[in-house]
Amino acid sequence: MRIINTAEEMQRTALALRAAGRKIGLVPTMGFLHAGHASLLDVCRPECDVLAVSIFVNPTQFGPNEDLDKYPRDFEHDCELCEKHGADIVFAPTPETIYAPDHSTWVVEEVLSKPLCGRTRPIHFRGVATVVTKLFNLTQAQVAVFGRKDAQQALIIERMVRDLNMPIRIIVAPLVRDEDKVALSSRNRYLSAGEREAARAISRSLLAAENALVVGGAAAAAGEAEKVRAAISAAGGTVDYVEALDADTLSGVTAGSRRVLLAAAAWFGATRLIDNIMVEYK
Ligand code: AMP
């Protein structure tokens, strides 16, 4: 497994691999890898000849008062996990090799970025779309895997690839949960034991709502969102949002909605967690 630290070396390597006819797969991450990330590597591995994993805590997707400086890092463990799950390249650039000091070009998705996380994190998805575009250009990947954990992010990337005719296939892999059903997240590391226990209310209530939406149909969505909101508050969490939306448009659920996304973001102590369930209707 090769470790690459500069944008220039990554692109030069990728172009040579492409010229040799190799198919490159990419799993973009911010590091501090866990079994959720590993599952993305496992999905990507059979889809490509060369599996690249990027590890980059992207400064432009963090707001001024967010956790950029304290975002957890463990590069050695990340490399072990990547090696174990078949990565050929770990691309771990410094911010300086990714962003010129006078960087001034952005990729902005203007509809799906507005609700849910977009409300309280207004520059977040601009940073995500821009860095993902850069990672696609640098790695020359023909396939990339994203997790359903970040359902809104995955939808925005799919939309961006379609709208800008990017020659890459996007695969969205299922959300991986811990034994206690809490969604695996690098940020779980911030939680105290008590907060972790309380945070189980998010997945517990979402999974109950998932059952209700399977049985009751899309019409049950608003009522189920309200129950999730109440359960999180009762556990001591501060709700950022709990919303049921049409999963293709991220606007209101209608009788014609093919998929419903019930997404939640809540604070437990100083930690903001997100989780979701998606129900598909035939
Ligand atoms: P992050 O390192 O948090 O930026 O996440 C990198 C990628 O891993 C994103 O596509 C996430 O959606 C995905 N991911 C993170 N946690 C999980 C999880 N618990 N299950 C599935 N995918 C995940």
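Here's a quick rundown of the structure. (Residues numbered from 1 in each chain as written. Predicted model: local features only at pLDDT ≥ 70, side-chain atom pairs only at ≥ 80, totals over all residues. Heavy atoms only, no water.)

1. Observations regarding the site of the ligand
Point 1. Among the 17 residues in the neighbourhood of the ligand, the closest are listed as His37, Gly147, Asp150, Val176 and Leu184.
Point 2. Within the backbone of Val176, a nitrogen or oxygen atom sits 2.8 Å from a nitrogen atom of the ligand.
Point 3. Where the shell around the ligand is concerned, the elements lending two or more residues are strand S2 (24-29), helix H2 (35-44) and strand S5 (143-147).
Point 4. The element best represented in the shell around the ligand is H2, accounting for three residues.
Point 5. The class makeup of the residues in the shell around the ligand is nine nonpolar, six polar and two charged. (Near = heavy atom within 4 Å. Polar contact = N/O pair within 3.5 Å; in protein donor to acceptor, adjacent residues only side chain to side chain. Helix = DSSP H or I, 4+ residues; strand = E, 2+ residues; numbered from the N terminus. Nonpolar A, V, L, I, M, F, W, Y, C, P; charged D, E, K, R; others polar.)

2. Some words on the sheet that holds strand S9 (residues 271-280)
Strand pairing in a sheet relies on backbone hydrogen bonds, with the paired strands running either antiparallel or parallel.
Point 1. Reading across the sheet, the three strands line up as S7-S8-S9 and stay open at both edges, with antiparallel pairing between neighbours. Because the sheet does not close on itself, it has two edges, and the strands there are strand S7 (238-246) and S9. The mean angle between the axes of side-by-side strands here comes to 10°, regardless of whether they run parallel or antiparallel.
Point 2. Relative to S9, strand S8 (residues 259-268) runs antiparallel, the two sharing ten bridges. Opposite Ala266, over in S9, you have Leu273 as the bridge partner.
Point 3. Across the sheet, helix H8 (residues 193-216) touches S8 and S9, and the angle it forms with S9 is around 15°.
Point 4. Helix H9 (residues 221-234) contacts S7 and S8 of the sheet and is inclined by roughly 165° relative to S7. (Pairing = 2+ DSSP bridges. Axes fitted to C-alpha atoms, helices over the stretch in contact; angles between N-to-C directions. Contact = heavy atoms within 4.5 Å.)

3. Focus on H9
Point 1. With 14 residues, H9 ought to run about 20 Å at 1.5 Å a step, and its terminal C-alpha atoms sit 20 Å apart, in line with that.
Point 2. Listed as buried for H9 are Ala221, Glu224, Ala225, Val228 and Ile232. Looking straight down H9, one finds that the buried residues subtend no more than 105° of arc, so they occupy a single side. Of the residues in H9, the exposed ones pointing more than 90 degrees away from the buried face are Ala222, Lys227 and Ala234.
Point 3. In this fold, the buried residues of H9 make contact with H8, S7 and S8.
Point 4. Looking one or two residues past H9, Gly236 carries a phi angle of roughly 100°, positive in sign. (Expected span 1.5 Å × (residues − 1). Buried < 20%, exposed > 50% of the residue type's maximum accessible area, 1.4 Å probe, protein only. Arc of directions from axis to C-beta.)

So, to be careful, I would describe these as geometric facts and stop short of saying anything about function.
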